[in-house]
Amino acid sequence: MQQLSEEQLKRYRRQLILKDIGEEGQKKLLETKVLIIGTGGLGSPVSLYLAAAGIGKLGLVDCDCVDLSNLQRQIIHNIDTVGIPKVDSAKTVLSRLNKDVCVEIYNCLIDEENAESIIRHYDIIVNAVDNSLTRYIVNKVCCKLKRPLVEGAIFNFEGYVTTIIPGETACYECIYEYEENDEKLEIGVIGALPGVIGSLQAMEVIKYSLNIGKLLKNELLYYNALNASFKRVKLERNVECKVCGTVSCKKN
Ligand SMILES: [Zn+2]
């Protein structure tokens, strides 16, 4: 990759002066491709922070349109984009924030049919959805294609984050064995909660891209907003897991 431009040196100055990043690290970020599944409460902070940091390519997947009731927590959208597809609304904001970032949009639901063809174009996947069926599908494809997956979820005043490295750590299905569940409950949420969890997810992506620090591997980091407490829960890979049980550490 060529040298950073004057504009880039200025834009990213506050992260360039971090000794773990520097110009080489910034170039790595500019070459990283991240897929964010969901552009709601979690997807908003994840995509905003990754675009601001200069992740070179962001893929956004969502099939919904912006609704007035989303704005209380989905801070990438605004009153002018109510009624339009969330991916278009988000792309406009991210493109204005940083033109170094190429934003690719997928106005669809991730399913068994399309998951592999979308996921294979990205280095890291972020799960920012609100339903478990999508989580199982994404986990399965990430294990098959050996893509790291940063999982995040919220429920009422609690949330968690974990990073799944196929063949190395517990996968989503090692943690929550698959069960059919079509129930879609509307849960209450304060926007700052997905703000915290999504920010932690963005940080995992940046650390993975730069190969710095310690990822949340085989560990769930729980956050309880009411108690202002964090808790770490150790995870173990299930050797008999039907999704990752046969996946080795070796890269394909
Ligand atoms: Zn597994």
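Remember, it's a predicted structure, so these values are computed and weren't measured experimentally.

Quick notes on the pattern of salt bridges
Right, so step 1: In this structure the tally under the stated criterion is 13 salt bridges.
Right, so step 2: Across the pair glutamate 116 and arginine 120 runs a salt bridge whose closest N-O atoms are separated by 3.1 Å.
Right, so step 3: We classify glutamate 116 as partly exposed; its relative accessible area is 24%.
Right, so step 4: Note that glutamate 219 and lysine 214 form a salt bridge whose closest N and O atoms lie 3.8 Å from each other.
Right, so step 5: The exposure class of glutamate 219 is buried, given its relative accessible area of 5%.
Right, so step 6: Bridged by salt links that share partners, the residues Lys214, Glu219, Arg232 and Lys234 form one connected network.

Concerning the pairing of strand S1 (residues 33–37)
Right, so step 1: The buried fraction of S1 amounts to four of the five residues, a majority that puts the element mostly inside the structure.
Right, so step 2: Of the strand pairs in this sheet, S1 and strand S2 (residues 57–61) are connected by five bridges, and their pairing is parallel. Each bridged residue has a counterpart across the sheet, and for isoleucine 36 the counterpart in S2 is leucine 60.
Right, so step 3: Crossover handedness for the path S1 to helix H4 (residues 43–53) to S2: right-handed.
Right, so step 4: In terms of strand pairing, S1 meets strand S4 (residues 124–127) through four bridges, oriented parallel. Across the sheet, the residue bridging to isoleucine 37 is asparagine 127, located in S4.

What about unusual backbone geometry?
Right, so step 1: Unusually for a residue other than glycine, asparagine 156 sits at a positive phi of about 50°.
Right, so step 2: Within the secondary structure, asparagine 156 is located in the loop between strand S5 (149–155) and strand S6 (158–164).
Right, so step 3: Looking at asparagine 156, the relative accessible area reads 36%, which means it is partly exposed.
Right, so step 4: In the Ramachandran plot, alanine 228 falls in the positive-phi region, its phi being about 50° despite a non-glycine side chain.
Right, so step 5: The exposure class of alanine 228 is exposed, given its relative accessible area of 59%.

Considering the packing of aromatic side chains
Right, so step 1: Scanning the entire structure with this criterion turns up six aromatic pairs.
Right, so step 2: Between tyrosine 106 and tyrosine 122, the aromatic rings sit 6.4 Å apart at their centres with planes inclined by 75°, giving edge-to-face as the arrangement. Placement of the pair is tyrosine 106 in strand S3 (residues 102–106) and tyrosine 122 in the loop between helix H6 (115–119) and S4, with a sequence separation of 16 residues. Judged on exposure class, the residue tyrosine 106 and its partner tyrosine 122 are both buried.
Right, so step 3: Geometrically, the ring pair formed by tyrosine 160 and tyrosine 222 is edge-to-face, given 6.0 Å between the ring centres and 65° between the ring planes. Placement of the pair is tyrosine 160 in strand S6 and tyrosine 222 in strand S7 (residues 219–224), with a sequence separation of 62 residues.
Right, so step 4: Residue tyrosine 160 is classed as buried on the basis of its relative accessible area of 9%.
Right, so step 5: We classify tyrosine 222 as partly exposed; its relative accessible area is 25%.
Right, so step 6: An aromatic cluster of at least three residues, connected via ring pairs, comprises Tyr136, Tyr160, Tyr172, Tyr176 and Tyr222.
Right, so step 7: Positioned above the aromatic ring of tyrosine 222 is the side chain of lysine 231, whose terminal nitrogen or guanidinium carbon lies 5.8 Å from the ring centre.

Here is what the cut-offs are and how they apply
Residues numbered from 1 in each chain as written. Predicted model: local features only at pLDDT ≥ 70, side-chain atom pairs only at ≥ 80, totals over all residues. Heavy atoms only, no water. Salt bridge = Lys/Arg side-chain N within 4 Å of Asp/Glu carboxyl O. Buried < 20%, exposed > 50% of the residue type's maximum accessible area, 1.4 Å probe, protein only. Helix = DSSP H or I, 4+ residues; strand = E, 2+ residues; numbered from the N terminus. Pairing = 2+ DSSP bridges. Right-handed = clockwise from strand over helix to strand, strands pointing away. Phe/Tyr/Trp six-rings, centres within 6.5 Å; stacked < 30°, edge-to-face > 60°. Lys NZ or Arg CZ within 6 Å of the ring centre and 35° of its normal.

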